[in-house]
Amino acid sequence: MCGIVGYLGSKQVVPLLLDGLKRLEYRGYDSAGVVVRQNGDLRTVRAEGKLEKLVQKLEGKIPPGTYGLGHTRWATHGEPSERNAHPMIDSKGRVAIIHNGIIENFLPLKRRLQDEGWSFSSETDTEVAANLISSYLEEDLRAAVTRAAGELEGMYALAVVSTVGDPEIVVTRQGPPLVVGFGDGEQFLASDPAALIAHTKDVVFLENRDVARLTAEGIEIWDETGERVERPVTRLNWDPIQVEKGGYKHFMLKEIHEQPLAVQETFAGRVDFENQRVLLDDLNLDPDQARAVSKIDILACGTSWHAGLVGKFLIQGLAGIPVEVDYGSEFRYRDPIVTPTDIALGISQSGETADTLSALEAAGERGARLFSICNVPGSQIVRMTDGVIYTHAGPEIGVASTKAFTTQLVALYLLALYLRQTRKGGIEPELLQALAHLPAAVDEVLQLEPQLERLARDYSRANDFLYLGRGLNYPIALEGALKLKEISYIHAEGYPAGEMKHGPIALIDEDLPIVAIATGERVYEKVRSNMQEAKARDGIVIALTDREPAEFEGIAREVIQVPRVSEELQPIINVIPLQMLAYHVGVKRGADVDQPRNLAKSVTVE
Ligand code: M6R
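The shown structure was predicted, so the numbers you read here are calculated from the model rather than taken from an experiment.

1. Overview of the site of the ligand
Lining the immediate surroundings of the ligand are 13 residues, of which S304, S348, S350, T353 and E486 lie closest. Interatomic distance of 3.4 Å between a backbone N/O atom of V399 and a nitrogen atom of the ligand. Between the ligand and S401 there is a distance of 2.8 Å, counted from an oxygen atom to a backbone nitrogen or oxygen. No other element matches helix α10 (residues 302-319), which puts 3 residues into the shell around the ligand. Residues that form the shell around the ligand fall into these classes: 3 nonpolar, 8 polar and 2 charged.

2. Re the pattern of salt bridges
Applying the stated criterion across every chain, the model contains 31 salt bridges. Between K403 and E258 there is a salt bridge, and its shortest N-O distance comes to 2.7 Å. With K403 in helix α14 (residues 403-424) and E258 in the loop between α7 (251-257) and α8 (259-267), this residue pair connects regions lying 145 residues apart in the sequence. You'll find K403 and E258 in the same group, each marked buried. With a closest N to O distance of 3.4 Å, R547 and E521 form a salt bridge. Residue R547 is located in the loop between β26 (540-545) and β27 (558-561), and its partner E521 is located in the loop between β25 (513-518) and α18 (524-536); the two are separated by 26 residues in the primary sequence. Under the relative-accessibility criterion, E521 is labelled exposed at 54%. Salt bridges here are not isolated pairs; linked through shared partners, they connect E521, D546, R547, E551 and R564.

3. Notes on the environment of V310
Note that V310 resides in helix α10. As a C-alpha pair, V310 and V325 span 15 residues in sequence and 9.6 Å in three-dimensional space. Discounting chain neighbours no more than four positions away, the residues touching V310 are L409, L472, P475, I476 and P571.

4. Examining the pairing of strand β20 (residues 342-348)
With 7 of its 7 residues buried, β20 lies for the most part within the structure. A two-sided burial pattern is seen for β20, the buried positions comprising D342, A344, G346 and S348 on one face and I343, L345 and I347 on the other. Here strand β18 (residues 295-300) runs beside β20; their pairing, made up of 6 bridges, is parallel. Pairing of I296 across the sheet is with I343, part of β20.

Definitions and limits used
Residues numbered from 1 in each chain as written. Predicted model: local features only at pLDDT ≥ 70, side-chain atom pairs only at ≥ 80, totals over all residues. Heavy atoms only, no water. Near = heavy atom within 4 Å. Polar contact = N/O pair within 3.5 Å; in protein donor to acceptor, adjacent residues only side chain to side chain. Helix = DSSP H or I, 4+ residues; strand = E, 2+ residues; numbered from the N terminus. Nonpolar A, V, L, I, M, F, W, Y, C, P; charged D, E, K, R; others polar. Salt bridge = Lys/Arg side-chain N within 4 Å of Asp/Glu carboxyl O. Buried < 20%, exposed > 50% of the residue type's maximum accessible area, 1.4 Å probe, protein only. Contact = heavy atoms within 4.5 Å. Pairing = 2+ DSSP bridges.

Structure (C-alpha cells):
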C-alpha cells in the first residue's frame, strides 16, 4: 500500500519525511522517494526497493529544505522501478506529486495531454495527474489541484508542491485516507496517523473531495463544493495497541475498512491497463501449460472455501475450464479423480491450514500440478506449490477473515482473466476497467456502516439468521452466515435461495431475520420471488440489492442498497455489508470479535 507523508515548517524536512515513511514500512512497498523545494526548484530523490535504498542514496547528500513530500510506492500502473517511483514531476517541472490510489480514466486523460504537447517519462497514472495539475497552474496551486481533481475518476489521495508562490502543500482525497496534523508553526500530513503521532496529536481526517492547503500559518480546508470548512480536530491519545489498530476499536473493523486499498494491492502491478493484459509471474503457469489444463480442483477451508465457490463461477465463466471445489478435509476421503492435466489450487489466507495442505498433497500424489492463493509469504502452502498468487492483503489479525476473503476473490478474478487471455486470445477492456473501478466501489459500500450498525442494534437479539443468495451470491450468503456465527455466536444458515422451499422455509416465523442478496440480472427476479415467499410466512426480510429500495416495498422490511459493479466483482461488494453487520452484532452482544471463542487464526491440526 502506498504511504504518504509531508511536512512544512522550519525544521530540515528530509529526516522528518524518512522518519514518517519508516513508520509506514509495515505496509510493504517497492520504491520510495522524497521531494524538497530548493531555491525555487523541485529536487526529487527516488530509489527502487526498500526505504533503506533511498536512505543510502541520500547519505551525505540530503537536499536542504523545510518543506516537502515523501512516498513509498506499491506498483499499480507500471513496474516497480525508479522511473515509476513517486514523487512525479510534470513535464514542465512545475509541480511534484505523490499519490495513493488508482486513476481510472488515466488513459483518455493521457491521450488528451499528449495531444496538448505534454510528455510522459513513466507508465504511471500519477504522472497524468501531475501533468494535468500543471496544465491548470497559473498562480494558485489550490485552484489547479481542485480543477484537476474534478476530472479524475477513481480513488486517490494526492499531495502536491509546486515551484510557484510561497511555501505550501496542497492535498486532496477521494477514497484513500489522508490526515493532516497541526504543530506549532509546522504542519504535517500522512496517509496514516501512525506516521504523525511522534510529532503531533492534533489531527484532522479529511473528508472525500476535501482540498486542504498547508502553509506556515496553518491548514485551510475546502469541501467538495468549494466552501471553506472547519473540520473537527481529533486528539490522538493512542496507546501502542491503538496505534496498531489505527484508531479502530478492533482489528476486524480496521481490516474491514482497509479493503479499498487491500483489493487494489491484489491487482497492483499485475494488470497492464494500456495493453489489456494480466501478468501473473509468480504463478509459474506459462501460456502453453495454461492451455493444456483440463480441470481445476480448488481445495480450501472455511472462508477460503467460500472464495473457492466464487472462483468456480469466475473460472468456468471467463475461461471455460471445469472446476470442482472441495473442503480440504473432505477431498482425500472421496477418492477424487485427478489427471496429470488437472491442476489443484489451494486457497489459504494463512498458508498453514492442515486440511488444505493435506488435500493438496493428495492431489499431488494423484499427478496434479499444485498452485496456491495465499496471503503469507513463505508459508507452507507456498513452499509446497509450484506457483502462487499472493493476495497482498497485509497482515490480518482479526480471527474472522475479511480483507483476506475479498482479496482472494480478486486473485481468483485475475486467475480467471489470465486463463481467458491464454485460452481465448484476449481480455475485453471492460473486464479490466471493472477492476480499476473496484476500490472506489468498495470505498462507497463502506459508507453504509451507520445503517449496518442500526440494523445490528435492531436485530442483535435474534436467535437465528437465514442468509439467501443464488449463483455467485450463494457463496456470499454462506460467508455472511459464517461471519455472524463466528463473531456473535448467533446461529445462522446460508442457503441457495431456491433451496429454501425444500426445507429451511419451515424455520421462518416473525422472529427470523432473512438476509436475501438480490443483485445483478441473471437470478434477480428469482431471488425476489424467494423473498416474497419468506415475507408471506412473516419472516423479517432484509434485502441486499443494487436496485432502488422502492422495488422491495411490501416485501422487505429493510433494504441495504449497494453500488453496482460488474457481475463477476459484485460478490466483493456484497460481502462487505455482511461483514459489518456481523461485526456490529458481535459488538452489541459483547463478544470478543477479534478473538472469538474456540477459534484460531490458523488451524494447523486435521
Ligand atoms: O488460513 P485459511 O484461509 O486456510 O483458513 C481457513 C479457515 O480456517 C478460515 O477461513 C476460517 O473459516 C476463518 N475463521 C473465517 O473467518
